[in-house]
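What follows is the residue order along each chain.
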Amino acid sequence: MARTRLTPERESELYAAVLDLLREVGYDALTMDAVAARTRSSKATLYRQWGSKPELVVKALRHNKPVSLEEIDTGSLRGDFRAVLSLTDDCQMEKDSALMRGLSHAVHENPDLHQALRELLIEPEMTGLDQLLRRAVDRGEVRPDNPALKYVSHMLIGAFAARQLVEDRSVDQAFLLDYVDSVVLPALGA
């Protein structure tokens, strides 16, 4: 049977419902039945469109991040980081942090979710970040042999995790802008 395409509006509506449920009940308690009920669709339709719960969840997360890092090119590394951070407001960052905390536990218990996250979300983001950093090297802002280059993703992910652990506060734009200026750019010699 051929896949019937959902309208972009309907797809957005479904993804928003999935993310709302994920925040409310967590990954383990999120079921295709619950998504079907929340979105007034059939479970069969959901499985036909997405195949599995991990794929649906990760596609919903990906849909939530409409701009790819590789599309950002302001002409300077600092400008690129600021442009990336300006794409999300503090409210959305708090929601995203809550989602990531919920998923970080689920990833350890669900290899399918981990695989889908890596393929559909993490690897494309890493590719975009690599291109953003490669442009900075090409412009002469960062030395190509700088050992911190391979740790930029770790630094950025660490900022998200550490703020909550160390200060019991969610990340926000002001924190991340200061973090980039104080930690990431100096480590890169930029």
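Scroll up to find the structure.
The following paragraphs examine the structure supplied in this document. Every chain begins its residue count from 1, and numbering advances along the sequence as written. Only residues with pLDDT of at least 70 are given local features in this predicted model, and only at 80 or more are side-chain atom pairs given and counted; all residues enter the totals for whole chains, interfaces and linings. For the side-chain quantities, the full set of heavy atoms in the structure was used; hydrogens and water were omitted.

Before going further, it helps to examine the nonpolar core. Residues Leu-22, Val-57, Leu-61 and Leu-113 are the most contacted members of the largest nonpolar core, which totals 27 residues. Contributing elements (two or more residues each) for this core: α1 (8-29), α2 (32-39), α3 (43-50), α4 (53-63), α6 (90-109) and α7 (111-138). With seven residues, α1 is the largest single contributor of residues to this core. Residues Val-142, Leu-176, Val-180 and Val-184 belong to the second largest nonpolar core, which totals 22 residues. To define a nonpolar core, start from buried Ala, Val, Leu, Ile, Met, Phe, Trp, Tyr and Cys residues and group those joined through side-chain atoms within 4.5 Å. Only protein chains enter the accessibility calculation, which uses a 1.4 Å probe; a residue whose area is less than 20% of its type maximum is buried, one above 50% is exposed, and one in between is partly exposed. Think of it this way: any DSSP run of H or I at least four residues long counts as a helix, any run of E at least two long counts as a strand, and we number them from the N terminus.

In this section: α3. Buried residues of α3: Leu-46, Gln-49 and Trp-50, and no others. All buried residues of α3 fall inside an arc of 75° around its axis, so they share one side. The criterion used for residue contact is that any of the two residues' heavy atoms lie within 4.5 Å. If you follow the buried residues of α3, they end up packed against α1, α2 and α4. At the C-terminal side of α3, Gly-51 shows a positive phi close to 80°. Directions pointing from the helix axis toward each C-beta atom define the arc.

Before going further, it helps to examine unusual backbone geometry. The phi dihedral of Arg-40 is positive, around 50°, even though this residue is not glycine. Turning to its location among the elements, Arg-40 is positioned in the loop between α2 and α3. Look at Arg-40 and you get exposed, because its relative accessible area is 67%. Despite not being glycine, Asp-168 shows a phi value in the positive range, around 55°. Counting through the fold element by element, Asp-168 comes out in the loop between α8 (152-167) and α9 (173-188).

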